[in-house]
Amino acid sequence: PYTGWLIGVGVLLLSLAVAGVVQRLVRRRDGAERAAEESERLLEVQRDIAGTLQHALLPRRLPASPGYELAVRYLPGAEGVEVGGDWYDVVELDDDRLFFSVGDVSGRGLRAAALMGTLRNAIDAYALEGHPPDVVPARLEPFGDVRHGHFATLVCGVLATATGDDALPNPG
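The text that follows walks through the structure, step by step, so that each part is easy to find.

### A closer look at the overall build of the protein
Right, so step 1: Scanning the protein from N- to C-terminus turns up 3 helices and 3 strands.
Right, so step 2: Listed by position from the N terminus, the elements making up the protein come as α-β-β-α-α-β.
Right, so step 3: Sequence-distant contacts, at least 24 apart, represent 65% of the contacts inside the protein between residues at least 6 apart.
Right, so step 4: Surface summary for the protein: the accessible area is close to 11900 Å², and the carbon and sulfur share equals 59%.

### Some thoughts on the packing of aromatic side chains
Right, so step 1: Taken as a whole and judged by the stated rule, the model has 0 aromatic pairs.
Right, so step 2: For R139, the ring lying beneath its charged end belongs to Y126, and the centroid distance is 5.8 Å.

### Brief notes about helix α2 (residues 110-129)
Right, so step 1: Helix length check: α2, at 20 residues, gives a terminal C-alpha distance of 28 Å against a target of 28 Å (1.5 Å per residue), a fit within 8%.
Right, so step 2: Taken together, the buried positions of α2 are A112, A113, L115, M116, G117, L119, R120, A122, I123, D124, Y126 and A127.
Right, so step 3: Packed against the buried residues of α2 are α1 (2-56), β1 (85-94), β2 (97-105), α3 (136-139) and β3 (152-160).
Right, so step 4: One or two steps after α2, the chain reaches G130, where phi turns positive at roughly 100°.

### Some remarks on the pairing of β1
Right, so step 1: Of all 10 residues in β1, 7 are buried, a share of seventy percent or more.
Right, so step 2: With 9 bridges joining them, β1 and β2 adopt antiparallel strand pairing. Bridge pairing in β2 links V90 to F100.
Right, so step 3: What sits between β1 and β2 in their antiparallel hairpin is a turn of 2 residues.

Calculation criteria
Residues numbered from 1 in each chain as written. Predicted model: local features only at pLDDT ≥ 70, side-chain atom pairs only at ≥ 80, totals over all residues. Heavy atoms only, no water. Helix = DSSP H or I, 4+ residues; strand = E, 2+ residues; numbered from the N terminus. Contact = heavy atoms within 4.5 Å. Areas by Shrake-Rupley, 256 points an atom, 1.4 Å probe, with all protein chains shown as cover. Phe/Tyr/Trp six-rings, centres within 6.5 Å; stacked < 30°, edge-to-face > 60°. Lys NZ or Arg CZ within 6 Å of the ring centre and 35° of its normal. Expected span 1.5 Å × (residues − 1). Buried < 20%, exposed > 50% of the residue type's maximum accessible area, 1.4 Å probe, protein only. Pairing = 2+ DSSP bridges.

Shown next, in the form of structure tokens:
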């Protein structure tokens, strides 16, 4: 006579234990969903900050040059939360010459962006000091950051706005 009662009590206790486990799992799932939503929100904030930083490191405007309309279109190399190291710049040397540079620091993140800013500013300074484009890359070597895995590519030149030619003396 007690066997039926024992089985019934056992089933009831087992049911209560299963219900407790299910309730705990539902709470954990709800917490995980809230954490995932918060992570997605923070990721979006980081993307916005990275985009803002990337564009802040680039020139706000290009110099006006008679007879030329300068325009750029910047598209980052990768979508994501990390800022990159690519840049462009145009510096007015005088009324007839523009120094331009386009480059990229390898890698992503704040180190790449910081190195990019350093290189871009150094290039502008060397250009304004009168150094020709074929000399500028060698002058940038002390700024290298190879120990952190970064290197840079660079194209630079001078445009004579009066003629549209390069503004360097002909070596031969």
